[in-house]
Amino acid sequence: MHHVELDRWSRGRSLLHARDARVKILLLVAYLAAVATSPRVSVAWLAVYGFPLLAAVLVADLPVGAVLLRAAVVLPFSAAFAVASVVAGDSQRAAALALKSYLSAAAVLVLMGTTPLGRLLRGLERLRVPGFLILVVQFLHRYLFVLSEQAQHMRLAALCRGGWSFRQAAGGVAVLFARSYDRAEGIHQAMLARGFAGRAASPEPARAGWKDWLFLLAGLALVAALRFFLGGVWSR
Amino acid sequence: MEPLIKVRDLHFRYEDGTLALDGVNFELSAGETVALFGPNGSGKTTFVLHLNGLLLGQGEVTVGGLRVEKNNLGLVRRKVGLVFQDADEQLFMPTVFEDVCFGPLNLGLSPPEAAAAARHALEQVGMGHALERAPYHLSAGEKRRVALAGVLAMQPEILVLDEPTTFLDPPGRRALLEVLRGLPQAKLIVTHDVWFARALARRAVFFERGRIVRDGPVDELLARFHWNLSESLDVVAPPGA
C-alpha cells in the first residue's frame, strides 16, 4: 500500500520532518511553479532542478530508490501527452512534459514523506484551504485502506468459489460502492455522536519558529535562483 | 431518584417501512450496568441510536432529565457516549491522539484541555503509548479501546456499547472487560456475548420484534430465553469425541 509506506516515511525525525507544514507547502508550491514555468528542459536542467530534491531526500533520510520509483507513477499519465507531442514533431515539448511531471511528483513525495498527513492537512487549513476539501482528503486517506481490504476480501471470496472474471469484478465494484455508502453513513453517525458540527479542529496548533522562517526564506531564494539564473542559463 | 435514562412508549419506523421499535419502555439508574440481549434485527441497535438522538422516534426519551429532541442534541450527546459496533467507522482521524481529541474539541474545549482529556482517556483504556499511531495499524482490540477512549474523553455520564466484543480474541475481551469494570459510568451493553454480559451486568433486558419483552437478572433471562449456548445444548463436545 502506497500510503502506508508514505505514512511510515512521514514519521521520521530529520531537520526536514521538523519544519512547519505550512512552510513546506509554500516551498513546494514555489518549486512547482518554477518547474512548470521554466522555458526549456535538458539534461543539465534536470540535474539543476533535481539536485535540491535529491538533497532533501538525503537530509530527510528517505529511501532514494523508492522515491525515484514512486515518482514514476505520474509518467503513464504524462506519457500520453508526450507521445502526442512527439507525433506532432515537437520532441522538446515531449521531454519537458515527461521531465516536469516527474520532478513535480518527486517534489510532492518529498513533502508527503516528511510531513504526517494530519499535520499536512492542518497546514493546508491554516493556509485557508476550504475545510470541506480537507475533510474529504482526510477521509479518502483513512478509508482507502479499509476499502482496498474489502475489495481484496471480495476477490478472495470469489476465487474460493471458482472465479474472478471481468464481469464479476464489475459487479464487485457495484457492491463495493454500496458498501462504501453504508460505511459513510456509519461514519457520519459516529461523528455526530461525538458532537461533530462541520469542522474537525486540531488538537495541536502549529507554530512556526524562526528556524521555519529561515528555512522558507532560504528555500524561496534557492527556487528563485533556479528559475531565474541557474536553470535558465544552463538550459540555453 | 430520577433515573438517568427514561424511555416511554418509543416507536420507530425506518423509511423502507420496517417497524423497528414498537413501544419500548426502559429505565436506567446512575451507576447501573444493563445488558441488552435479543435476536439479530430485534431493534437493539435502533434503540441505542435513539439514546443520543441519532434517530428520533415517536415517544419520550429523557437523558439526565433532558428530553432528547432536536434543540438539545448537543447536551444529550455530551451525556451519552456511544461506542459503535464497527470501530473502523469510529476512528477516522489520522492518528489515535487526534481521534480521541475529536470529541472534546467539538465540545468546545481549548486544544490544551482537549489534549489533556485525550491523554487521560487513553491512559484509562491502557493505550497511552499509542498516541501517534495511525488507527489502521491497530489490532481489533486496540481499535476498540481507542474508540472507547474517544468517547470517555467527552466525560459522559452514560456509556452505551454496541456489540463491544465483536472480532475480539479472548485476551482482547478480557482487557476490555477490565477497562469497563474500572469505569464509574452507568453502562448499557448490547451484546450476544453471554460471558461478557455476565461479568459486567446484573440486570438485563431482552428485545424481541421491537419491544422489551423481559427485564430482570441476567441469569434468569438467559435461562428463560435459552440464550446461553452451553446450557441450552446437551452437547458439549462433538459427537464421537
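Residues numbered from 1 in each chain as written. Chains lettered and ligands numbered in written order. Predicted model: local features only at pLDDT ≥ 70, side-chain atom pairs only at ≥ 80, totals over all residues.

Caption draft 1: Representation of the overall build of chain B within the structure. When helices and strands are tallied, chain B shows 10 helices and 10 strands. Seen through its principal axes, chain B has C-alpha atoms that stretch 55 × 50 × 40 Å. Counting only contacts in chain B whose residues sit at least 6 apart along the sequence, the fraction spanning at least 24 positions is 65%. (Helix = DSSP H or I, 4+ residues; strand = E, 2+ residues; numbered from the N terminus. Contact = placed C-beta atoms within 7 Å.)

Caption draft 2: Layout of the sheet that holds strand 6 (residues 80-83) of chain B. All names here are of chain B. Across the sheet, six strands lie side by side as 6-7-8-3-9-10; this open sheet has mixed pairing. Strand pairing shows two members of the sheet lacking a second neighbour, strand 6 and strand 10 (211-217), which therefore form its edges. Neighbouring strand axes in the sheet, compared pairwise and without regard to direction, differ in orientation by 20° on average. Of the strand pairs in this sheet, strand 6 and strand 7 (residues 158-162) are connected by four bridges, and their pairing is parallel. Across the sheet, Leu-82 pairs through a bridge with Val-160, a residue of strand 7. Running over the sheet, helix 6 (residues 140-152) touches strand 6 and strand 7 and is turned about 165° from strand 6. (Pairing = 2+ DSSP bridges. Axes fitted to C-alpha atoms, helices over the stretch in contact; angles between N-to-C directions.)

Caption draft 3: Focus on the packing of helix 6 of chain B against helix 7 (residues 170-181) of chain B. Residue and element names in this part refer to chain B. Following both chains from N to C, one finds helix 6 and helix 7 inclined at 20°, their axes separated by 9 Å at the closest point. In terms of their interaxial angle, helix 6 and helix 7 are classed as roughly parallel. Seen from above, helix 6 lies across helix 7 with right-handed handedness. The residues of helix 7 that touch helix 6, namely those facing Ala-140, Gly-141, Arg-144, Arg-145 and Leu-148, are Gly-172, Ala-175, Leu-176 and Val-179. Its residues assigned to classes, the contact of helix 6 with helix 7 shows five nonpolar, two polar and two charged. (Parallel < 35°, antiparallel > 145°, perpendicular 65-115°, else oblique. Left-handed = near helix turned anticlockwise from the far one by under 90°. Nonpolar A, V, L, I, M, F, W, Y, C, P; charged D, E, K, R; others polar.)

Caption draft 4: Looking closely at the sheet that holds strand 4 (residues 58-63) of chain B. Residue and element names in this part refer to chain B. In spatial order, the strands read 2-1-4-5; together these four strands make up an open sheet with antiparallel pairing. Strands at the two margins of the open sheet, each flanked by one partner only, are strand 2 (19-28) and strand 5 (66-67). Note that strand 1 (residues 5-13) and strand 2 share seven bridges and pair antiparallel. If you follow His-11 over to strand 2, its bridge partner there is Asp-22.

Caption draft 5: Main features of the nonpolar core. Counting 81 residues, the largest nonpolar core has B:Val100, B:Ala118, B:Ala149, B:Val160 and B:Ala204 as the members making the most contacts within it. Leaving out residues up to four positions away in the same chain, B:Val100 has contacts with B:Ala118, B:Ala121, B:Leu122, B:Val146, B:Ala149, B:Gly150 and B:Ala153. Residues A:Tyr102, A:Ala107, A:Phe215 and A:Val223 belong to the second largest nonpolar core, which totals 33 residues. (Core = buried A, V, L, I, M, F, W, Y, C linked by C-beta atoms within 7 Å. Buried ≥ 20, exposed ≤ 12 C-beta atoms within 10 Å, placed from the backbone.)

Caption draft 6: Geometry of the environment of B:Glu157. Residues and elements named next belong to chain B. Residue position: Glu-157 is located in the loop between helix 6 and strand 7. With 25 residues separating them along the chain, Glu-157 and Glu-132 place their C-alpha atoms 28 Å apart. The residues contacting Glu-157, other than those within four sequence positions of it, are Leu-4, Gly-64, Lys-79, Gln-185 and Ala-186.

Caption draft 7: View of the confidence of the model for chain A. Residues with a pLDDT of 70 or more make up 94% of chain A, whose mean pLDDT is 86. No element of chain A has a lower mean pLDDT than helix 1 (residues 2-10) of chain A, which averages 78, and none a higher one than helix 3 (residues 21-37) of chain A, which averages 94. (pLDDT = per-residue confidence, 0-100.)

Caption draft 8: Spotlight on the environment of A:Ala221. Positionally, A:Ala221 belongs in helix 11 (residues 210-234). Taking the number of C-beta atoms within 10 Å as the measure of exposure, A:Ala221 has 10 and is therefore exposed.

Caption draft 9: Just the packing of helix 4 (residues 96-106) of chain B against helix 5 (residues 111-124) of chain B, in detail. All names here are of chain B. It is at 8 Å that the axes of helix 4 and helix 5 come closest, and there the two elements cross at 120°. One way to sum up the angle between helix 4 and helix 5 is to call them oblique. Handedness of the helix 4/helix 5 crossing: right-handed. Together, Phe-97, Val-100, Cys-101, Pro-104 and Leu-105 of helix 4 and Glu-113, Ala-114, Ala-115, Ala-117, Ala-118, Ala-121 and Leu-122 of helix 5 make up the contact between the two elements. Taken together, the residues that form the contact of helix 4 with helix 5 break down as 11 nonpolar, no polar and one charged.

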